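Chain by chain, the residues run as shown.
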Amino acid sequence: MKSVLIQEFRLHYKRVLFTVALMAGLYILSGVLLVLAEPESKLFNTAMGLSSLTFTFGTIGLFLWALFKGSGYVGDLIFKDTGYLMKTIPVSSWSLIGGKMIIGLLEFFVYCVLWTVYVFIVGLSIDMDFYNIFRVLTHREVQRMILVFFNLAGCVLVFFIICQAVVNCAITIFYSVCRHSKWSGLLMGIFVYLFIWFTIKLFGIFVNFVNFDFFRDAAELWIPMGILFLISVVYYVVTCILYEKKISV
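Below is a short write-up of the structure. (Residues numbered from 1 in each chain as written. Predicted model: local features only at pLDDT ≥ 70, side-chain atom pairs only at ≥ 80, totals over all residues. Heavy atoms only, no water.)

A few points about the overall build of the protein chain
So, step 1. If you tally the helices and strands in the protein chain, you get nine helices and zero strands.
So, step 2. Listed by position from the N terminus, the elements making up the protein chain come as α-α-α-α-α-α-α-α-α.
So, step 3. The proportion of buried residues among the 249 residues of the protein chain is 34%.
So, step 4. Within the protein chain, residue pairs in contact and separated by at least 24 positions form 79% of the contacts whose partners lie at least 6 positions apart.
So, step 5. About 14,900 Å² of surface is accessible on the protein chain, with carbon and sulfur atoms providing 73% of the total. (Helix = DSSP H or I, 4+ residues; strand = E, 2+ residues; numbered from the N terminus. Buried < 20%, exposed > 50% of the residue type's maximum accessible area, 1.4 Å probe, protein only. Contact = heavy atoms within 4.5 Å. Areas by Shrake-Rupley, 256 points an atom, 1.4 Å probe, with all protein chains shown as cover.)

Structure (structure tokens):
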């Protein structure tokens, strides 16, 4: 496992640094424009548009980027020309896929930290009362908000792990069964989409069983997330077994 972690880090750290630098540049540019622009001016509207695009890409875009282009994507082991080399190294599929998913999670964590800093700075640049809110809160209310933040942050990271397991399992199952199909690319996309849709629906079902006040009982999100995490462990086991027994590249 250690050798896999080191190798994956070396393979992907430059791409991660480039992505971080690019997004940081966009974040800084949009923030500076918001600070300098006069309200209702053309520059302010441009800055708001850039901030909206940056915010969207920083959430959905980076999530998908880390999911399908990050280290944890098992498709690199199956579809790339160098995939056959990974089958020859003396490392089990459990260590290989597990190590890739850990580095993929670390990459997503870096993007989340960058995005959180950006949201906080933009909040200050748009309205200075954003900071003053914390001054009127009691010590207990601040503690509660911090607890909610860390609960939600933890759930986001767990959800990313679940999505990695879902995508990897879907691709591995499909490739094990239908890799020679004429429409394999299209069918694989549909199959992965259905797998993700099924997991999201499953998450919705579990959440509906938990009746909670979002800002008071955010910790209760761990109940459905924990159940889905256990399901993702099953996905991970299936992925490792199929990759080791059925996949030939």
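Description of empty space enclosed by the protein
So, step 1. Applying the stated rule across the entire model yields one cavity of 30 Å³ or more.
So, step 2. What lines the largest cavity is simply Phe-159, Cys-163, Val-166, Ile-196, Thr-199 and Ile-200.
So, step 3. Class assignment of the residues belonging to the lining of the largest cavity gives a composition of five nonpolar, one polar and no charged. (1 Å grid on protein atoms, 1.4 Å probe; cavity = no way out; pocket = protein on both sides within 12 Å on 5 of 7 lines; lining within 4 Å. Points joined across faces, edges and corners; volume = space filled by probe spheres on them. Nonpolar A, V, L, I, M, F, W, Y, C, P; charged D, E, K, R; others polar.)

Looking at helix H9 (residues 222-245)
So, step 1. Compared with an ideal rise of 1.5 Å per residue, which puts 24 residues at 34 Å, H9 spans 34 Å between its outermost C-alpha atoms and is within 8% of the ideal.
So, step 2. Along H9, the positions that sit buried rather than exposed are Pro-224, Met-225, Leu-228, Ser-232, Tyr-235, Thr-239, Cys-240, Leu-242 and Tyr-243. (Expected span 1.5 Å × (residues − 1).)

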